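Okay, here's what each chain looks like letter by letter:
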Amino acid sequence: MTMENSKEVFKYNSLVEKMKPFQEQWQKSMEDSLNPKQELLDSNTQDNKQVSSINMKHRISNNYGLKIHHVSDTHAQQWFKMDIPTDTDVLIHSGDATNYHDLARNNNEWLDFIEWYASLPIPIKIYVPGNHDSTCYHENKRVRKMCKDAGIEYLNKDTFSVYGLNFYGDPMTPTFGSWFFTSDRSKIGKHWDLIPEDTDVLITHGPRKGFLDLSTTGGGLNFCGDSSLGRRIDSLPNLKLH
C-alpha cells in the first residue's frame, strides 16, 4: 500500500467512526416511527401538484412536518456560504460536489466532500452525482460503499424510501463536452423511462427544459434543460417534487 493510499484509508476509517452517533440516532428515529403511508402535501399546497425546480431550497411537509432542503453544484466549495437549516429532516445534494475532470484531483475533492457532508447533523442525507463527479462515474462500487458507511443515501438510478415517500435519483444530463453521466439528447429518454411510476420525489442533476436552465455556454443564452425529462415528469402520477 502506498503512502497516499494509507492516508486515504486512515481518513476514511476516521470518518466512519465519526458518523456512528448519527447513524445510531437515525436508526432509533426509524424504529420509533410507526409510519404508514402519509399524504405528503400540507393544507397550503394543492394535492398532487407537481413542483419542478433545480438548485433552489425547497420545503415540503407531511403529517410529521418533514422538512427537505436542497443544494447542488458546490464544486468543492461546500464550506463557503452554506446555509443549511439545523431543523432539516432530509438534505438533498443533487450533484457536482466535485470539480476537476481528472480522476486523481477529483478523488481528493470527493474525499473532502464526503467528510464534510457526513459530518452535517442532518438525519437523512441523499446524494445524486453530477457530470463533474468523475470519481462517482469511474468508481461506482467504491463510492457506494463509502456513502453507505458514512450514512449517506447514494442514488444513481436508485430509489430510497422513508416516511412513506419514494425518492428516486438519476445523474444523467444531455451530452456536454467530455464530462460524465451524459447522453445524447436523442437517446436520453430511455433513462427517464426507468423512473418508477410510484416516485414521489425525483432528483436529477439537470432540469427539464425551460425551468431555471438558462446558460451562457457556447457564447449565447441557451435553454440547456431536457424536453424528454419534462415529458416524463408530467407523466408521473404520484410526483410531488422535482
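What you see is a predicted model; the values in this text were computed from it and never measured.

The rules behind each value
- Residues numbered from 1 in each chain as written.
- Predicted model: local features only at pLDDT ≥ 70, side-chain atom pairs only at ≥ 80, totals over all residues.
- Heavy atoms only, no water.
- Buried < 20%, exposed > 50% of the residue type's maximum accessible area, 1.4 Å probe, protein only.
- Helix = DSSP H or I, 4+ residues; strand = E, 2+ residues; numbered from the N terminus.
- Arc of directions from axis to C-beta.
- Disulfide = S-S within 2.5 Å.
- Pairing = 2+ DSSP bridges.
- Core = buried A, V, L, I, M, F, W, Y, C linked by side-chain atoms within 4.5 Å.
- Contact = heavy atoms within 4.5 Å.
- Axes fitted to C-alpha atoms, helices over the stretch in contact; angles between N-to-C directions.

Visitor: How should helix 4 (residues 140–149) be read in this particular structure?
Guide: An α-helical turn contains 3.6 residues, so a residue and the one three or four places further along point in the same direction. Taken residue by residue, helix 4 has Val143, Met146 and Cys147 as its buried positions. Buried residues in helix 4, looked at end-on, bunch into an arc of 95 degrees, giving them a common side. Seen from the buried face of helix 4, the exposed residues on the opposite side, beyond 90 degrees, are Lys141 and Lys148. At the C-terminal side of helix 4, Gly151 shows a positive phi close to 80 degrees.

Visitor: Can you walk me through the state of the cysteines in this structure?
Guide: By definition, a disulfide links the sulfur atoms of two cysteine residues through a covalent bond. A full pass over the atoms with the stated rule returns zero disulfides. Here Cys136 is not cross-linked by a disulfide; its sulfur's nearest cysteine counterpart is in Cys147, at 6.7 Å. Assessed through its relative accessible area of 1%, Cys136 is described here as buried. Note on Cys147: relative accessible area 0%, which makes it buried.

Visitor: Any chance you could explain the pairing of strand 5 (residues 158–162) here in plain terms?
Guide: If a strand is regular, its side chains alternate between the two faces of the sheet. Strand direction decides the pairing type here: strand 5 and strand 6 (residues 165–170), joined by five bridges, are antiparallel. Along strand 6, the bridge assignment pairs Thr159 with Tyr168.

Visitor: Explain the nonpolar core here, please?
Guide: The tendency in soluble globular proteins is for nonpolar side chains to be buried side by side. In this structure, Trp110, Phe113, Ile114, Tyr117, Tyr127, Ile152 and Leu202 are the most contacted members of the largest nonpolar core, which totals 32 residues. Tallying contributions element by element places helix 2 (residues 103–119) first for this core, with seven residues. In this structure Phe113 touches Gln78, His93, Ala97 and Tyr127, once residues within four positions along its chain are discounted. Among the nonpolar cores identified, the runner-up in size contains 16 residues, and Val90, Tyr163, Leu165 and Leu241 belong to it.

Visitor: What exactly am I supposed to notice about the sheet that holds strand 6 here?
Guide: As summarised here, the arrangement of the three strands in space is 5-6-9, forming an open sheet in which the pairing is mixed. In this open sheet, the two edge strands, each paired with only one partner strand, are strand 5 and strand 9 (201–204). Each strand of the sheet is rotated relative to its neighbour by a mean of 20 degrees, with strand direction disregarded.

Visitor: Help me understand unusual backbone geometry in this model?
Guide: Excluding glycine, a negative phi dihedral is what most residues carry, and trans is how most peptide bonds are arranged. For Asp73, which is not a glycine, the phi torsion comes out positive at approximately 55 degrees. With respect to the helices and strands, the residue Asp73 is situated in the loop between strand 1 (68–71) and strand 2 (90–93). Unusually for a residue other than glycine, His75 sits at a positive phi of about 45 degrees. Structurally, His75 can be placed in the loop between strand 1 and strand 2.

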